[in-house]
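Each chain, letter by letter, is given below.
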Amino acid sequence: MSDPEVQDQCVIVGIDTHADTHHVAVVTEYGKPVADQVFPTTSAGYRRVLEFITGFGEVLQVGMEGTGTYGAALTRVLQGEGMSVIEVNRPDRQQRRLKGKTDPLDAYRAAQSVIAGRSTAIPKAKDGPVECLRVLRALRVSAVKSRSAAINQIKGLLISAPEALRSKYQGMTTATMVGVMARSRPSGHLADPSYMTARVLKALAIRYNYLSEEIDDATSQLQKVLESYAPILQELTGVGTDVASQLLVTLGDNQDRVKNEAQFAALTGVSPVPASSGKTSRHRLSRGGDRQANCALHHIVLVRMNIDPRTKDYVTKRTEEGKSKREIMRCLKRYVAREVYRQITNPVPAPTFGDLRLLRHGLGITLQEAADNLDEWPSTLSRLERGRTRNDHLLLRYRAWLHEQASAPVTALQEQLQPGASDHRDTVGSTPLPTPGDSSHGLSTATTAGELPA
């Protein structure tokens, strides 16, 4: 093939990545194999890859296996040259058994998968604060597992420890027991089982305390990154440091790679899967997607089912309709995925709560009177005024009712108030009342929650 023909040719590249070498294959845009070669995973090898693939014409797309692991460095190099890199999943077992498996075959299959449109996923950028969250989470998760192993070893040793040693720590909580063990000073002979057990328990307790400090430090660093990168995300009900960081890691630094909330739902494994047969019409939970992100959404749903009034009402409604708990949680996960995606991609400040108590005091209305008119418990309104609970629907309804009372004539207001509130009536109309948009008296809580699914 002459050089002019090469320059006019468009090619697709497929790469099978490994720890020490990458196998690169080049095909035409119609799928015809052109050439393949092995390159080392070094800076010089990456430069040779660029020279190799650009020598056959214009590179339209690059399909690569393992863009987040073995191929992460090469992905950054290719993207830095302006090339479009596509994440390719490895072929399924049936295809590998029927057609065999070698590095050249895998490279050519990666290229053909891009041409056929089976692979369209854009790899994560790994060049921003989300990558910092991923690294910190890796540290924290390993520390949590090691701490669990340490405390399990401590309790296992105590079961078979001598009676004098076991009775010493009997009835103590975990924190107290670990503290006493770490401060203990065992003495005795190396051949004494009681002395050696006490020494091992002390060492395990010290390890437990060290891992606890490591976990707290990692959590603190995660919180600082989240406060600078996604400060409003944690204000959603049920979203803490661990959940927020996992959801951001799943989405990646380049959030535009997930086009809409339906793709985010599929990515997190909460998109409904049809499971109908005959006269039965139903959906089931998805078994795909990022299972860690799915676990994070599951945690949010569990928290909301316990403390969120609107979620409780939804569960009651669906239960009366004959839905099982698993089906209800599937619906709630899908709703939560929609809310989280919108909050990440388009964060909107929530209504403030600091002006509620000032409005009520300015109108001379007691907490009990407000609760009676709104058909709520006084303690619920009190927690809402102090920012101790999250209920956007009630917050907006409470504020609207207070402003209705403020705009009503004084005589009409006096008829609604009890005699005990007469001492405060003179303040109506004289005390400047905050406007609904005034945020000087409170802090932003979270974005307004969307509607629950029907």
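Keep in mind it's a predicted model, so treat the numbers as computed, not measured.

K.L.:
Could you give an account of the layout of surface pockets, with specific residues and numbers?
P.N.:
Computed from the structure, the largest pocket encloses a volume of approximately 1,100 Å³. If you go around the largest pocket, you meet 38 residues; those closest to its centre are E87, N89, A121, I122 and R257. Counting only elements with at least two residues in the lining of the largest pocket, the list comes to α5 (103-116), α6 (129-159) and α11 (261-267). Considering every element that reaches the lining of the largest pocket, the biggest residue donor is α5, with four residues. Its residues assigned to classes, the lining of the largest pocket comprises 11 nonpolar, 12 polar and 15 charged.

K.L.:
I'd like a rundown of the side chain of S119, residues and numbers included.
P.N.:
Here S119 is to be found in the loop between α5 and α6. A distance of 2.6 Å separates polar atoms of two side chains, one belonging to S119 and the other to S113. The residues touching S119, leaving out its near neighbours within four places in the chain, are I86, E87, V88, N89, S113 and V114.

K.L.:
Describe in detail the packing of aromatic side chains, supporting the description with residues and values.
P.N.:
For the coordinates displayed, the defined rule picks out three aromatic pairs. An angle of 80 degrees between the planes, with centres 5.2 Å apart, marks the rings of F52 and F56 as edge-to-face.

K.L.:
Describe in detail the pairing of strand β3 (residues 33-40), supporting the description with residues and values.
P.N.:
Bridge count between strand β2 (residues 21-28) and β3: seven bridges; the pairing is antiparallel. The residue of β3 that forms the bridge with V27 is P33. Following β2, the chain reverses through four residues before pairing antiparallel with β3; G31 in that reversal takes a positive phi of roughly 100 degrees.

K.L.:
So what about helix α2 (residues 43-54)? Which residues, and what values?
P.N.:
Taking 1.5 Å per residue, 12 residues should reach 16 Å; α2 reaches 17 Å between its end C-alpha atoms and fits that length. Within the sequence span of α2, burial applies to G45, Y46, V49, L50, F52 and I53. Buried residues of α2 fall within an arc of 165 degrees about the axis and therefore sit on the same side. Away from its buried face, by an angle of more than 90 degrees, α2 presents the exposed residues S43, R47 and E51. Next to the buried residues of α2 lie β1 (10-17), β2, β3, β4 (58-64) and α3 (72-80).

K.L.:
Before we move on, could you go through the pairing of β4 and cite the residues and values that matter?
P.N.:
As paired strands, β1 and β4 are joined by six bridges and run parallel to one another. Bridge pairing links I15 to M64 in β4. Sheet topology note: the β4/strand β5 (residues 85-87) ladder contains three bridges and is parallel. The residue of β5 that forms the bridge with M64 is E87.

K.L.:
Which residues make up empty space enclosed by the protein, and what values go with them?
P.N.:
Overall, the coordinates contain two cavities of 30 Å³ or more when judged by the stated rule. Within this model, the second largest cavity holds a volume of roughly 30 Å³. Every residue lining the second largest cavity is listed: T67, A72, T75, R76, K124, A125 and K126.

K.L.:
Which residues make up the packing of α6 against helix α9 (residues 193-229), and what values do they have?
P.N.:
Contact geometry of α6 with α9 gives a least axis separation of 8 Å together with a crossing angle of 155 degrees. Compared by their axis directions, α6 and α9 come out roughly antiparallel. Here α6 runs over α9; the crossing is left-handed. The residue makeup of the contact of α6 with α9, split by class, is 24 nonpolar, five polar and five charged.

Cut-offs applied
- Residues numbered from 1 in each chain as written.
- Predicted model: local features only at pLDDT ≥ 70, side-chain atom pairs only at ≥ 80, totals over all residues.
- Heavy atoms only, no water.
- 1 Å grid on protein atoms, 1.4 Å probe; cavity = no way out; pocket = protein on both sides within 12 Å on 5 of 7 lines; lining within 4 Å.
- Points joined across faces, edges and corners; volume = space filled by probe spheres on them.
- Helix = DSSP H or I, 4+ residues; strand = E, 2+ residues; numbered from the N terminus.
- Nonpolar A, V, L, I, M, F, W, Y, C, P; charged D, E, K, R; others polar.
- Polar contact = N/O pair within 3.5 Å; in protein donor to acceptor, adjacent residues only side chain to side chain.
- Contact = heavy atoms within 4.5 Å.
- Phe/Tyr/Trp six-rings, centres within 6.5 Å; stacked < 30°, edge-to-face > 60°.
- Pairing = 2+ DSSP bridges.
- Expected span 1.5 Å × (residues − 1).
- Buried < 20%, exposed > 50% of the residue type's maximum accessible area, 1.4 Å probe, protein only.
- Arc of directions from axis to C-beta.
- Axes fitted to C-alpha atoms, helices over the stretch in contact; angles between N-to-C directions.
- Parallel < 35°, antiparallel > 145°, perpendicular 65-115°, else oblique.
- Left-handed = near helix turned anticlockwise from the far one by under 90°.

Bear in mind that shape data such as this cannot, by itself, settle questions of function.
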